[in-house]
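Coordinates in review
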Amino acid sequence: MAQPALIPTCWDSSDSDSDIRADQRQPRAEASSGHCSQPGAELVAGLSAREAYISPKYFYDALGSKLFEAICDLPEYYPTRTEAAIYATHQDAMAAAVGTGCTLIDLGAGNCAKAASLFGALQPRQYVPVDISTDFLHQSVQGLQRRFPEIPMQPLAMDFSSTLTLPPEVDAQRRLFFYPGSSLGNFDPQQALAFLRRVRSALPSGEGGILIGLDLVKDTHVLEAAYDDALGVTAAFNLNVLKHVNELIGADFNARDWRHVAFYNARFQRIEMHLEARRDLIVRWPGARRTFHQGERIHTEYSHKFSEQDILGLLEQAGFGGCRMWFDTRRWFAVCYAQAR
Ligand code: AVJ
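Note that the structure is a prediction, hence the values are computed from the model and not measured.

1. Considerations on the site of the ligand
Every residue close to the ligand is listed here: Ile 71, Pro 79, Gly 181, Ser 182, Ser 183, Gly 185, Asn 186, Tyr 227, Thr 234, Glu 301 and Ser 303. Each residue belonging to the shell around the ligand can be placed in one class, and the counts come to 3 nonpolar, 7 polar and 1 charged.

Below you can see the structure in the form of structure tokens.
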């Protein structure tokens, strides 16, 4: 039986995180070495920009990953259950298109539930869940390995938005990159294309493909409710990024000073999430400070929505072909399989 073996990265740090007190916070970037200084530099660049931003990948500390799971249970947040219904209905057709025995590489695996729902139909020869949230991934895979002892599992704790270089433990044969949840929508269209091209390059000898889930353009009210729910769970998810940033760079954000803002920008076909200052305030972190005026915003996430044509065009341009698409009955969400060509 395969043992889940985590490949440690600089993100593997939540133990040491929890004992850092507010009054003695160290910038994490300085506490660690080498490539581990990257989160700090990236965050400081974003906070210092004229229009401040924080990359959405920083949502997913341990609490953020749990809050995202809670979002998936909200009545307003249709994508997760809509996509799950597509897998449930069409898994046999998907397996017929993909073939069994692939190396299943799950990008942003989280709780691994979507991939697990396809194990029966796809019968992967190896399962490689990849996620930035180390402890959460570790826990998910432990439970999963008990349920599927026959499937070798090789979890990878890494930020795949910056590199897709996979270690030799990952089978190079018949790779299927699984990228569900419309996470591609976090990238702007140019970045999305660049990312898909990197996925394509990680398919050696042109065999294998991608199985990707994407949220479709629909009524604005449906979209906006999904990102601004009645219980305020998405607001908590958005605000939680400030707590994570405090831990990562030793900043002194107070979540009470900020308000969750989410709206659909039709021109760019995207939901935008921001954090808006409730009053004039100053945020400090080691070596710098910044004034935010009341109403000023920090951009935290784009969630692009796609048309069928957008999806086919992107995949085609990235070097994939032979696309097959499956939809739910309302055509709110699409799952697409495309082969390397
Ligand atoms: C995980 C990126 C697909 O954009 O819908 C949920 C994250 N943000 N609610 C999305 C999210 C706010 C989600 N993705």
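2. Quick notes on helix α4 (residues 62–72)
Regarding α4, the residues found buried are Gly 64, Ser 65, Leu 67, Phe 68 and Ile 71. Here the buried residues of α4 occupy an arc of 160 degrees about the axis, which is enough to place them on one side. The secondary structure elements touched by the buried residues of α4 are α7 (134–147) and α10 (233–249).

3. Thoughts on the sheet that holds strand β1 (residues 103–107)
Strand order in this open sheet of 7 strands is β3-β2-β1-β4-β5-β12-β11, and the pairing throughout is mixed. Two strands lie at the open edges of the sheet, namely β3 (156–157) and β11 (320–327), each paired on one side alone. As paired strands, β11 and strand β12 (residues 333–340) are joined by 6 bridges and run antiparallel to one another. Paired with Gly 321 across the bridge in β12 is Gln 339.

4. Things to note about the environment of Ala 338
Within the element layout of this structure, Ala 338 appears in strand β12. Residue class for Ala 338 comes out buried when judged on the 25 C-beta atoms lying within 10 Å of it. In this structure the C-alpha to C-alpha distance between Ala 338 and Ile 212, which are 126 residues apart in sequence, comes to 8.5 Å. Residue contacts for Ala 338: discarding those within four places in its chain leaves Gly 209, Ile 210, Leu 315, Phe 320, Gly 321, Gly 322 and Cys 323.

5. Quick notes on the environment of Gln 145
Assignment of secondary structure puts Gln 145 in helix α7. A residue is classified by how many C-beta atoms lie within 10 Å of it, and Gln 145, with 19 of them, is partly exposed. Gln 145 sits 18 residues away from Tyr 127 along the chain, and the two C-alpha atoms are 10.0 Å apart.

6. Describing helix α5 (residues 78–98)
Every α-helical turn comprises 3.6 residues, leaving residues that sit three or four positions apart pointing alike. Under the 1.5 Å per step criterion, the end-to-end length of α5 is only 26 Å for 21 residues, more than 12% shorter than the ideal 30 Å. Along its length, α5 reaches its greatest deviation from straightness, about 70 degrees, at His 90. For α5, the set of buried residues is Pro 79, Thr 80, Thr 82, Glu 83, Ile 86, His 90 and Val 98. Just past α5, the residue Gly 99 takes up positive phi, approximately 85 degrees.

7. Concerning the nonpolar core
If you look at the biggest cluster of nonpolar residues, it comprises 52 residues, and the most contacted ones within it are Leu 104 and Phe 178. Those residues in contact with Phe 178 that lie beyond four places of it in its chain are Leu 104, Ile 105, Asp 106, Leu 107, Ala 115 and Leu 211. Val 44, Leu 47, Phe 59 and Val 245 belong to the second largest nonpolar core, which has 27 residues in total.

8. Some remarks on the sheet that holds strand β10 (residues 297–304)
Pairing within the open sheet is antiparallel, and its 3 strands lie in the order β6-β7-β10. Edge positions in the sheet fall to β6 (258–265) and β10, since each has one partner strand and no second. For this sheet, the mean angle separating the axes of adjacent strands, direction not counted, is 20 degrees. The sheet contact formed by strand β7 (residues 270–277) and β10 spans 7 bridges and is antiparallel. Counted as the bridge partner of Leu 275 is Ile 298 from β10.

9. Overview of unusual backbone geometry
Residue Cys 112 is not a glycine yet carries a positive backbone phi of 65 degrees. Tracing the sequence through the fold places Cys 112 in the loop between β1 and α6 (113–122). Exposure remark for Cys 112: the 21 C-beta atoms within 10 Å place this residue in the buried category. Unlike most non-glycine residues, Arg 174 shows phi in positive territory, near 40 degrees. Turning to its location among the elements, Arg 174 is positioned in the loop between β3 and β4 (175–179).

How each quantity is defined
Residues numbered from 1 in each chain as written. Predicted model: local features only at pLDDT ≥ 70, side-chain atom pairs only at ≥ 80, totals over all residues. Near = placed C-beta within 6 Å. Nonpolar A, V, L, I, M, F, W, Y, C, P; charged D, E, K, R; others polar. Buried ≥ 20, exposed ≤ 12 C-beta atoms within 10 Å, placed from the backbone. Helix = DSSP H or I, 4+ residues; strand = E, 2+ residues; numbered from the N terminus. Arc of directions from axis to C-beta. Contact = placed C-beta atoms within 7 Å. Pairing = 2+ DSSP bridges. Expected span 1.5 Å × (residues − 1). Bend = angle between axes of the 7 residues up to and from the residue. Core = buried A, V, L, I, M, F, W, Y, C linked by C-beta atoms within 7 Å. Axes fitted to C-alpha atoms, helices over the stretch in contact; angles between N-to-C directions.

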